[in-house]
Amino acid sequence: MKNGLEDVVAAETQLSHVDGEAGQLIIRGVSLDHLAGHASYEDVVALLFGGLLGQAYDRAELARRLGEMRAEVFAHVGAVDGPLLELPPVDIMRALIARLPDGDDLDTALRLLAAPAVFLPAALRLKLGEAPVAPKPALSHSADILAMLGDRMPSKQEVAALDAYLVTISDHGLNASTFASRVVASTKAGLTSSVLAAIGALKGPLHGGAPGPVLDMLEAIGTAENAEAWLLDALDHGERLMGFGHRVYRVRDPRADALKGALKRLTTADPASHHRIQLAEAVEQSALAILKARKPDRPLDVNVEFYTALLLDALSFPREAFTGVFAIGRTVGWIAHAREQALEGRLIRPRSLYVGPLPQQAA
Ligand code: ACO
């Protein structure tokens, strides 16, 4: 029995590879370095879906159908009632996705990509007492998400930054939510069921629920001069430094650099944001030195959440929405893995080791 299934290989995949020793992420044969900042979200959807959903389609047709699906699913926003509005944004998003039909075809897949992108901005606006903004199908996916969030046309730089984020987190090996998606797919349930299971796994604080605390930490530290004393104090109180460490990576998480680059391209002109990045870099340097001294046998480096927090904050997503934005980006990976599992895998049904009492022997 391997607690947490650590190092257990439970699937073969052609979708992505996480090399924890080299600090490299490969998505369908392409290194993340060549994708983030270069490819759009639609490019990565075409890359990950290719060959898994029946018909061949070109990039332009895929973008057009995705836009139509955003317009189609917007009708479900009207189902949000008072009790639902009390829930966190990611739970409202999940409840609306549960209204969608199950299936395993391309239309179901595109509807599931459109759904979180439409439902999360709508939920955030409804919670503020504002009217949801209808999708504009002709926009790119990232541009439309930002337009629905802020009720204004986003700048090219903002669209590029969200594209870089969604591409960077599109797929990442057999993480907990992707495994949940594959388990459901292995029973031949439909893609909607797989995505709902994956969202349930993602929202926990040990997986996709972590980036908000990074912002809390940076705000609490406040200035670069304060970083070392604050971090040492946190460790002395038994706390973990948010945005550092990973189960698989033993070196720097390559997604952190991809997001840091996107953040710098977004905020070059804004002095306040520039100051924030300088603070983050100072905290990062200080934390790495302290962790190296405190845990010499355990390589602990920066992970994806550190710069995720700053990037999504700079794009005006409130911190309670960060997990939902993660779901918007990861849904393409969940669907691709579910299709791969359904097409090539067997029912996932491991065994457990019984450690309970035995029945009393009859006298
Ligand atoms: N700060 C301080 N110490 C740490 C940190 C950290 N961020 N991460 C690990 N350690 C220490 C642990 O205290 C432990 O030390 P010990 O053996 O002396 O008790 C040792 O390193 C190993 O810790 P594990 O929890 O066994 O390592 P694991 O690889 O399972 O944990 C995790 C990975 C959960 C990400 C961890 O590094 C952590 O809690 N990081 C902070 C939270 C965070 O940034 N989460 C986002 C991760 S990215 C993602 O999931 C998308």
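For the structure, check the block above.
Residues numbered from 1 in each chain as written. Predicted model: local features only at pLDDT ≥ 70, side-chain atom pairs only at ≥ 80, totals over all residues. Heavy atoms only, no water.

Student: Talk me through the pattern of salt bridges; I want residue IDs and the actual numbers.
Tutor: Counted under the stated rule, the structure contains 24 salt bridges. Here Arg-294 makes a salt bridge to Asp-236, at a shortest N to O gap of 3.0 Å. Residue Arg-294 is located in helix H14 (residues 271–294), and its partner Asp-236 is located in helix H12 (residues 227–236); the two are separated by 58 residues in the primary sequence. Judged by its relative accessible area of 40%, Arg-294 is partly exposed. Each of Arg-252, Asp-257, Lys-260, Lys-264, Glu-281, Glu-284 and Asp-301 takes part in a single network of salt bridges with overlapping partners. (Salt bridge = Lys/Arg side-chain N within 4 Å of Asp/Glu carboxyl O. Helix = DSSP H or I, 4+ residues; strand = E, 2+ residues; numbered from the N terminus. Buried < 20%, exposed > 50% of the residue type's maximum accessible area, 1.4 Å probe, protein only.)

Student: Give me the site of the ligand: which residues, what numbers.
Tutor: The ligand sits among 18 residues. The nearest are Leu-241, Gly-243, Phe-244, Lys-295 and Arg-298. Between the ligand and Leu-241 there is a distance of 2.8 Å, counted from a nitrogen atom to a backbone nitrogen or oxygen. Between the ligand and His-246 there is a distance of 3.4 Å, counted from an oxygen atom to a backbone nitrogen or oxygen. In the complex, the protein chains occlude 70% of the 930 Å² of accessible area that the ligand would expose alone. (Near = heavy atom within 4 Å. Polar contact = N/O pair within 3.5 Å; in protein donor to acceptor, adjacent residues only side chain to side chain. Areas by Shrake-Rupley, 256 points an atom, 1.4 Å probe, with all protein chains shown as cover.)

Student: Lay out helix H10 (residues 191–202) in plain terms, naming residues and giving numbers.
Tutor: With twelve residues, H10 should reach 16 Å at 1.5 Å per residue; the first-to-last C-alpha distance of 16 Å fits that figure. Those residues of H10 that are buried lie in contact with helix H5 (89–97), helix H6 (106–127), helix H9 (176–186) and helix H16 (322–344). (Expected span 1.5 Å × (residues − 1). Contact = heavy atoms within 4.5 Å.)

Student: Please give an account of the packing of helix H8 (residues 156–168) against helix H13 (residues 254–267) that cites residues and values.
Tutor: Contact pair H8 / H13: the axes reach a minimum separation of 9 Å and the direction vectors enclose 175°. Viewed along their axes, H8 and H13 adopt a mutual orientation that is roughly antiparallel. Judged by residue contacts, Gln-157, Glu-158, Ala-161, Ala-164, Tyr-165 and Thr-168 of H8 engage Arg-255, Ala-258, Leu-259, Ala-262 and Leu-266 from H13. When grouped by side-chain class, the residues that make up the contact of H8 with H13 number seven nonpolar, two polar and two charged. (Axes fitted to C-alpha atoms, helices over the stretch in contact; angles between N-to-C directions. Parallel < 35°, antiparallel > 145°, perpendicular 65-115°, else oblique. Nonpolar A, V, L, I, M, F, W, Y, C, P; charged D, E, K, R; others polar.)

Student: Which residues make up the packing of H6 against H16, and what are the values?
Tutor: Contact geometry for H6 and H16: axes closest at 9 Å, N-to-C directions at 175°. Viewed along their axes, H6 and H16 adopt a mutual orientation that is roughly antiparallel. Contacts from Ala-109, Leu-112, Leu-113, Pro-116, Ala-117 and Leu-120 of H6 reach H16 at Gly-324, Val-325, Ile-328, Thr-331, Val-332 and Ile-335. Counted by class, the contact of H6 with H16 contains ten nonpolar, two polar and no charged residues.

Student: Give me the lowdown on a nonpolar patch on the surface, citing residues and values where you can.
Tutor: Taken together, Met-1, Leu-353 and Val-355 make up a surface patch of nonpolar side chains, about 440 Å² in accessible area. Looking at where Val-355 falls in the secondary structure, it is placed in the segment after H16. On the basis of relative accessibility, which here comes to 74%, the residue Val-355 falls in the exposed class. (Patch = residues over 30% accessible without salt bridge, like charges linked within 9 Å, V, L, I, M, F, W, Y side chains within 5 Å.)

Student: How would you summarise unusual backbone geometry if you had to cite specific residues and measurements?
Tutor: Residue Asp-7 is not a glycine yet carries a positive backbone phi of 70°. With respect to the helices, strands and loops of the structure, Asp-7 is situated in the segment before strand E1 (16–19). Despite not being glycine, Ser-316 shows a phi value in the positive range, around 75°. In this fold, Ser-316 is placed in the loop between helix H15 (304–314) and H16.

Student: Describe H6, listing the residues and the values that go with them.
Tutor: Helix length check: H6 (22 residues) gives 32 Å between terminal C-alpha atoms against 32 Å at 1.5 Å per residue, within 8%. Here H6 lies mainly inside the structure; 19 of its 22 residues are buried. Looking one or two residues past H6, Gly-129 carries a phi angle of roughly 80°, positive in sign.

Such coordinate-based values are descriptive only and should not be taken to indicate function.
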